[in-house]
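Commentary on secondary and tertiary structure
Residues per chain are reported as follows:
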Amino acid sequence: MNGIADMPVSELRGVGPKLVGKLADCGIFRVEDLLFHLPLRYQDRTHVTPIAAVSDGLDAVIEGEVRAADIVFGRRRSLVARLQDGSGTITLRFFHFSGAQKNNLRPGTRLRCFGQVRRGSHGLEMYHPQYRALRDGEQPLEEALTPVYPTAAGIGQYQWRQLCSQALRHLQRAAPADLLLPGHPYPYDLVAALGYLHAPPPDADQALLREGQHPAQQRLALEELIAHHLSLRVLRSRHRANPAPVLGAHPEAQRQLFAALAFEPTGAQRRVMAEITADLARPRPMLRLVQGDVGSGKTLVAAAAALQAIASGYQVAIMAPTEILAEQHLRTFSDWFAALRIELAWLGGRLKGARRQAALEAIASGAAALVIGTHALFQDDVAFARLGLVIVDEQHRFGVHQRLSLTGKSASGSHPHQLVMTATPIPRTLSMVAYADLDCSIIDELPPGRQPVTTALVDSSRRAEVVARVAHACSRGRQAYWVCTLIEESDALQASAAENTARALQQSLPQLAVGLLHGRQKPAEKEAVMAAFKAGELALLVATTVIEVGVDVPNASLMIIENPERLGLAQLHQLRGRVGRGGAASHCLLLYQSPLTSNGRQRLQALRSSTDGFYIAEKDLELRGPGEVLGTRQTGLMEFRVARLPQHEHLLDTVQMLAAELGNRAPANIEPLIQRWTGTRRHFAGV
Ligand code: ADP
Ligand code: MG
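Structure report, in brief. Treat the numbers as computed from the prediction; the structure is a model and nothing was measured.

Right, let's talk about the sheet that holds strand 11 (residues 344-347) for a bit. In spatial order, the strands read 11-12-10-13-14-9-15; together these seven strands make up an open sheet with parallel pairing. Only two strands of the sheet have a single neighbouring strand rather than two, namely strand 11 and strand 15 (439-443). For this sheet, the mean angle separating the axes of adjacent strands, direction not counted, is 20°. Relative to the sheet, helix 7 (residues 215-240) contacts strand 9 (287-292), strand 14 (417-422) and strand 15, its axis offset from that of strand 9 by approximately 125°.

Given below as C-alpha cells:
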C-alpha cells in the first residue's frame, strides 16, 4: 500500500524475532497485513454504566465503592466482593486470586471494572473483571470502541491492539491512493474504512459490525471482491491473447459417436456441446467451465469435445483427480470410440519403466490422439506433439494455477483449448470470484428415468439394523456401497479402517460377496474390484471416499456413509450421486455418530431434504465458508480478508459493474489493486 506495502512488521516498535515468527504463523508479514487483521468484535469501554442499568450478558464498565470483600468457601473457594454505586450493588467474583488482590479490594476502595455481567444465584455478578483502583480525580475512559482481534499463535489482545494501532498510524501517514472509482454507495475511502474498523467511535452500530454489514466493512469487502474478480479477468485475458488451433465441427464423427451410445443425449447436453463446438472453432483458447450435477452426463460432453479436436488432427488430454476415475474414463472412452479407431494412451502416477516410456513416446510423436490420466500429466517430461484440447474433470479438486499449467505443453506453439468440468455446482456467488476467468455452461437436466435418492439419518447405535437393510437389498439382487470416512488424510489409515469394516461386514453377512476398494491398492487390484462390482459379482463394496468421483454402477441402489458428519456437504452429495443411477428406487443412509453439533445436524438435514446440487452448494457455502467449499483452504486462494460469502453476496452486481468501469476508465489501477489484496497470498499459493 504505497509506503507501507513493503514495510516488514519487524519495523514496528516492540516486534522482535519471536513475535515476527508468531505473526508469520498468522500469515502476517507486512505492516499492511496487520491492517487487514480486522477485529472480530468490539467492547464498549467508552462510558460508565450505572450498576442498576447493567443486565445479564452485557459487557460493561462500572464504577463503585467496595463494600465488602471476603473469601468464600463454597463449592469452589473464591474471593467475593460487593461493589456499590449510587444506583445499585453487584458481586465481583474471583476464583483465582492472590493475597495482594484481596488487599486491593479493601472496603472503601473505589474501583472501575470492566467485564461481562452474568446472573448468579444472588443477583448479578462479574467473574474476573478487569479492574483498576480509582485514586485521585478523573481517569479518562476509552475514546473508541475496543477491538477484540482473532487470537492466534499466542498473541494477546493487548499486543494485537498495540500492533494494529501502530500500523494504523503508519497508514494514516502514508495515505495510500484510493484505487476504486467513486460510484459506490459507501462513504469511506480505504484509509477511513480501515481506521473506522480498528477503532470505531462510541456510537458505532455494533449490530451492523457484527454482521459484517457496516458501510466501512462493505467498502472494504467491495474492494477485495473487485480485486479478486479482476485478478482472474487478467489471467483470462492474458491467456486469451494467445493463438489457439481452430478445431472445426465434424458432424459425421459426432454421429458415429452417438450411434455407439445406448441412449440419446439430453437437450441440456446438446446445448452445452453446441456451445463448446462454437468455442473450439475460434482461433483463441477456449476457457470453459461445465457445471452439471452428479450424473448429469458430463462425460459425454467431454467425449464430443475430444472428438472434435481429434477429428481436426489434434491431441486431447483428459485429466481426472483419481486413478479410479481416470481408469473409468479410459474404459468409457475406449467403448465409445471403439468404432472410430482412435488411439488412446494412459498415464497414471504409478505407471513406471518401459510402459511409461512407451506412453510418453506415443504422446510425443502424436500417435496417441487421446491421453487419459491423473496429475501425472503435469510432469515435466510429458510433451505433446499437437495438443489441441485439455479437459480437466472434477475441477474442484484442482487449484486455479493447476488448471493453467498444462497450457504450455504443446510443441506446436499454439495454446490448447481448455474445458473444465465440475460436479460440485459452484454457487453463483463463488463462480464470479473464483471462476471469473472462465465461461460457464450448465447441464441443468438429468437423463430421463432417474429415481431420486431417499436419504435418511441413522444414529450409529442402530448399526445392526443398517446391516440387515444391506442384507435385504442384496438378497433382492441389488448392490450396495459402504463408505468409510476418516478425518485423517493418510491413505494408510483410511485403508486400514476400510479393511476392518469390510472384514466385520463380511463376518455379519457371510452370504454376500463383499469387496474392498481403497487408495492404497495397486491399480490392477482396484480395476479388478471395480470390474467385479460392475459385473454384479460383488454385492457389497466397502470403500473409502475414493469412490466419490465418477464411479458409475447403475445397479447399486443403496449407500451407507459412516460418520458423514466428518465430510462437507458437497462431498456427501458427490458420494450419494453414486446411487440412483438406474431404474430402482435408491437410498442413502447417513450413519452418524451422536451427538451431532448443531452445524453438523444442519448440514446432514440439508442433504436429507434436497437432492439439488445447487441448493446443497449454497448451503455448504453458508455453513462452511468459501475456502472449504472450493477445497482451496490450504493454498489460501479463497481466503478473503474482509469479504464474507454469502453475507456479501449483494455486493456482487456492484463488483462486476465497478470492475468493468475500472477497466475502461482507470486501467492503471488494476495491477496495484490486485497486488494490494492478493499479493501476499499469491506469493504463498505459488501462483
Ligand atoms: P457426471 O455428470 O456425474 O460425470 P456421467 O457422465 O458419469 O455423469 O453420466 C452418468 C451416467 O449417465 C453414465 O452411466 C452415462 O453413461 C449415463 N448417461 C449420460 N448421458 C445420458 C443420457 N442422455 N441418457 C441416459 N443416460 C445417460
Ligand atoms: Mg463425471
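This model, assessed by the stated rule, comprises 22 salt bridges. Of the charged contacts, one joins Arg 219 and Glu 223 as a salt bridge, the two residues approaching to 2.7 Å between their closest N and O atoms. With Arg 219 and Glu 223 both in helix 7 and four residues apart, the pair spans about one turn of that helix. Taking the relative accessible area as the measure of exposure, Arg 219 reaches 0% and is therefore buried. For Glu 223, a relative accessible area of 0% gives the class buried. Measuring nitrogen to oxygen at the nearest pair gives 2.9 Å for the salt bridge that ties Arg 665 to Glu 661. With Arg 665 and Glu 661 both in helix 22 (residues 652-665) and four residues apart, the pair spans about one turn of that helix.

Moving on, we get to the packing of aromatic side chains. Counted according to the given criterion, the structure contains eight aromatic pairs. Members of the aromatic cluster, joined through ring pairs, are Phe 333, Trp 336 and Phe 337. The ring centre of Phe 114 lies 4.1 Å from the NZ or CZ of Arg 45, which sits over that ring. Lying across the ring of Phe 95, Arg 76 places its NZ or CZ 4.2 Å from the centre.

Turning our eyes to something else, we now look at the state of the cysteines. Counted by the stated rule, this structure contains zero disulfides. You can see Cys 164 has no disulfide; the closest cysteine sulfur is in Cys 26, sitting 11 Å from it. Take Cys 164: its relative accessible area is 1%, and that puts it in the buried class.

Once that is clear, we can look at the environment of Ala 556. Of note, Ala 556 is situated in strand 20 (residues 556-562). Judged by relative accessible area, which is 1%, Ala 556 ranks as buried. The sequence separation of Ala 556 and Gly 348 amounts to 208 residues, and the corresponding C-alpha distance is 27 Å. In contact with Ala 556, not counting residues within four places along its chain, are Gln 479, Tyr 481, Phe 533, Arg 578, Val 579, Gly 580 and Ser 586.

Turning next to the pairing of strand 18 (residues 514-517). Neither face of strand 18 is exposed, since Val 514 and Leu 516 on one face and Gly 515 and Leu 517 on the opposite face are all buried. Here strand 18 pairs with strand 19 (residues 540-543) via four bridges, running parallel. Residue Gly 515 lies in a different strand from strand 19, and its bridge partner there is Leu 541. As a crossover connection, the stretch from strand 18 through helix 17 (residues 523-534) into strand 19 is right-handed.

Time to look at the sheet that holds strand 18. The strand order across the open sheet formed by six strands is 16-21-20-17-19-18, and the pairing between neighbours is parallel. Sheet topology places strand 16 (453-459) and strand 18 at the edges, where each strand pairs with a single neighbour. When the angles between neighbouring strand axes are averaged without regard to direction, this sheet yields 20°. Here strand 16 runs beside strand 21 (residues 586-592); their pairing, made up of seven bridges, is parallel. The residue bridging Thr 454 from the neighbouring strand is His 587, located in strand 21.

For the rest of this paragraph, the subject is the environment of Val 390. Within the secondary structure, Val 390 is located in strand 13 (residues 387-393). Separated by 30 residues in sequence, Val 390 and Val 420 have C-alpha atoms that sit 8.2 Å apart.

Once that is clear, we can look at helix 8 (residues 251-259). All of the buried residues along helix 8 are Ala 253, Leu 257 and Phe 258. Buried residues of helix 8, viewed axially, fall in a sector of 140°; they line one side. Relative to its buried face, helix 8 has exposed residues pointing more than 90 degrees away, namely Pro 251, Arg 255 and Ala 259.

About the cut-offs
Residues numbered from 1 in each chain as written. Chains lettered and ligands numbered in written order. Predicted model: local features only at pLDDT ≥ 70, side-chain atom pairs only at ≥ 80, totals over all residues. Heavy atoms only, no water. Pairing = 2+ DSSP bridges. Helix = DSSP H or I, 4+ residues; strand = E, 2+ residues; numbered from the N terminus. Axes fitted to C-alpha atoms, helices over the stretch in contact; angles between N-to-C directions. Contact = heavy atoms within 4.5 Å. Salt bridge = Lys/Arg side-chain N within 4 Å of Asp/Glu carboxyl O. Buried < 20%, exposed > 50% of the residue type's maximum accessible area, 1.4 Å probe, protein only. Phe/Tyr/Trp six-rings, centres within 6.5 Å; stacked < 30°, edge-to-face > 60°. Lys NZ or Arg CZ within 6 Å of the ring centre and 35° of its normal. Disulfide = S-S within 2.5 Å. Right-handed = clockwise from strand over helix to strand, strands pointing away. Arc of directions from axis to C-beta.

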